[in-house]
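Summary of the model geometry
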Amino acid sequence: MSRILMLYTGGTIGMEDTPEGLAPAPGLLPRLLERFRRPGLAFDVAEFPRLIDSSAIEPADWNRIIDAVADAYGRYDGFVVIHGTDTLAYTASVLAFALRGLGKPVVLTGAQLPLIHPRSDGWSNLADAIEAACQPDLREVVIAFDRLLLRGCRARKVDAERFAGFASPNAEALARFAIHPHWRRDLWRRAESGEFQPQRLDEALRIACLMLTPGYGAAFAGRALAAGELDAAILLSYGSGNAPEEVALLDGVRAMRAADKAVLNLTQAASGAVAVGAYAASQPLAKAGALPGGDMTPEAALAKLHVLLSSGARGEVLRAALGWSLAGEISL
C-alpha cells in the first residue's frame, strides 16, 4: 500500500471558465481526483487556501510548500505537488535544494489544459505523477509531464502551446511512460546521508536574473549590479559564457565581488554550458569576478542561490557550493 499526499497549489489543471477567462476553482480538483482511487493506493488531497496562477508565485508560496512537505513527511510515502506550469520549473528547483536529505519522491505536475476540458493533458500527467510518487527508490524532486519524468532542477518550460511543455536540455529523462513505465533507475540519485532537514527560504532576499543583449543591455545589467540593491545575481551571457568588454558591465560585476556577493554566469543558449576559456570573450566576466554556472538552468541557479543564501552561506563557502552538484543540477 502506497500512501501519497497531493498538494494542490493552483494552476490551469484545476481551473474553470469564468467571464474573465480561466480562473482557479476551489474544491473542483479534489473532487475530480477521486477517480484515481484504487486498491493499493491511498491518498489525501490538501488544497491550499489561496490557489494561485503560478505566474504570481512568491518565495512565501515556496515556504508554504516546503512546510507542507516537512509537516507531513513522516506520514506519507511520496508527494505530488499540483502546480501551474508557468513557474513549475522554478518551484521544482527550489524544492530540489530546499528539501535536504530527501528520501522520498516529490513529483510536480500540472497541465496545459484544465481537467474540465475534454482534451486535457492533466489526466495522464496526474496518472504518471502518482505512479512516480509510489516508487520507494525515487528519492528526489521530479516533474511528470507529457509522458516524461524529468529531474526537477534540470527542467525548463519550453512550450506554451503544445502538450510537450517541459524538457531538460542538458540531462536525460529519468523515465518515459508508455503502456509500461520505462524507468531509468541508473540515472536516479542515490539516497543522501543524513536526516531530512528542509531549509526554509529567506523571503527578503533580492536575487535577479539579467540577460545581456546587443546595444544597451550590457550597460544596463552592469548598472543594476552596481546599484547595491541585489544580494546575488545571474547573468545570461552569450554562447559559452561570452560578453562584450562593456565598462559598466564589468564595473558592476566588480562591485558585486567587492561587496562579497555572487554573480553567476549562465548561457542564454537552450543547451550547452558556460566554459571559461573556450573563447577569449569569456575571460573579462571571469576576471571581473563572475562565477561560471556550467550547464545549470536559470531556474536552478535562482533556486540554488536562494537556498544557499537562506542557509547562511556567504563568501568562499557560497562560491564553492555554487560549483558543486548539490541536487544533480550541474554536469561536473
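Conventions adopted
Position numbers for residues count from 1 along each chain, tracking the sequence in the order it is written. Owing to the predicted nature of the model, reporting of local features is limited to residues with pLDDT of at least 70; listing and counting of side-chain atom pairs is limited to 80 or more, with chain, interface and lining totals taken over all residues. In computing side-chain values, all of the structure's heavy atoms are included and hydrogens and water are not. Sulfur atoms of two cysteines make up a disulfide when they are within 2.5 Å. To qualify as a helix, a DSSP run of H or I must reach at least 4 residues; to qualify as a strand, a run of E must reach at least 2; elements of each kind are numbered from the N terminus. The cut-offs for exposure are 20% and 50% of the maximum accessible area for each residue type, with area from a 1.4 Å probe on protein chains only; residues under the lower value are buried, those over the upper are exposed, and the others partly exposed. Contacts described as polar in this section are N or O atom pairs within 3.5 Å, which, within protein, must combine one atom able to donate a hydrogen with one able to accept it, while residues neighboring in sequence count only if both atoms come from side chains. Only heavy atoms matter for contacts: two residues are in contact if any of them lie within 4.5 Å across the pair. A cavity, in this analysis, means grid points on a 1 Å lattice covering only the protein atoms where a 1.4 Å probe fits yet has no way out; a pocket is instead an open set bounded by protein on both sides within 12 Å along at least five of seven lines, and a residue lines either one if it has an atom within 4 Å of a point. Grid points are joined across faces, edges and corners, and a volume is the space filled by probe spheres set on the points. DSSP calls a pair of strands paired once it identifies at least 2 bridges connecting them. In this description, a line fitted to the C-alpha atoms serves as the axis of each element, helices being fitted only across the stretch in contact, and the angle between N-to-C directions of two axes falls anywhere from 0 to 180 degrees.

On to the state of the cysteines, then. Evaluated as defined, the whole model comprises 0 disulfides. Summary of cysteine pairing: Cys209 is not part of a disulfide, and the nearest cysteine sulfur, belonging to Cys153, is at 17 Å.

Moving on to the side chain of Glu329. Along the chain, Glu329 falls in the segment after helix H9 (315-322). For Glu329, a relative accessible area of 0% gives the class buried. Engagement of the side chain of Glu329 in a polar contact is seen with the backbone nitrogen of Leu326, the distance being 3.0 Å. At 2.7 Å, the side chain of Glu329 and the backbone nitrogen of Ala327 are in polar contact. Contacts of Glu329, omitting those with residues within four sequence positions, involve Phe97, Cys153, Arg154, Asp295, Met296, Ala300, Lys304 and Trp324.

Right, let's get into the layout of surface pockets. Size it by volume and the largest pocket reaches roughly 300 Å³. Around the largest pocket, the lining is made up of 16 residues, and of these Phe97, Arg100, Val307, Leu308 and Leu326 lie nearest the centre. For the lining of the largest pocket, the element with the most residues is helix H8 (residues 298-310), which contributes 3 residues.

Spatially, S15-S16-S17-S18 is the arrangement adopted by the 4 strands of the open sheet, whose pairing is parallel. Whereas interior strands pair on both sides, the edge strands pair on one side only; in this sheet they are strand S15 (207-211) and strand S18 (291-292). Sheet topology note: the strand S16 (residues 232-237)/strand S17 (residues 262-267) ladder contains 6 bridges and is parallel. Paired with Ser237 across the bridge in S17 is Thr267. Here helix H6 (residues 247-258) sits on the sheet in contact with S16 and S17, set at roughly 150° to S16.

A word on unusual backbone geometry. Despite not being glycine, Asp146 has its phi angle at roughly 50°, a positive value. As for its position among the elements, Asp146 is in the loop between strand S8 (141-145) and strand S9 (148-151). Backbone geometry at Arg147 places phi at a positive 70°, although glycine is not the residue there. In this fold, Arg147 is placed in the loop between S8 and S9.

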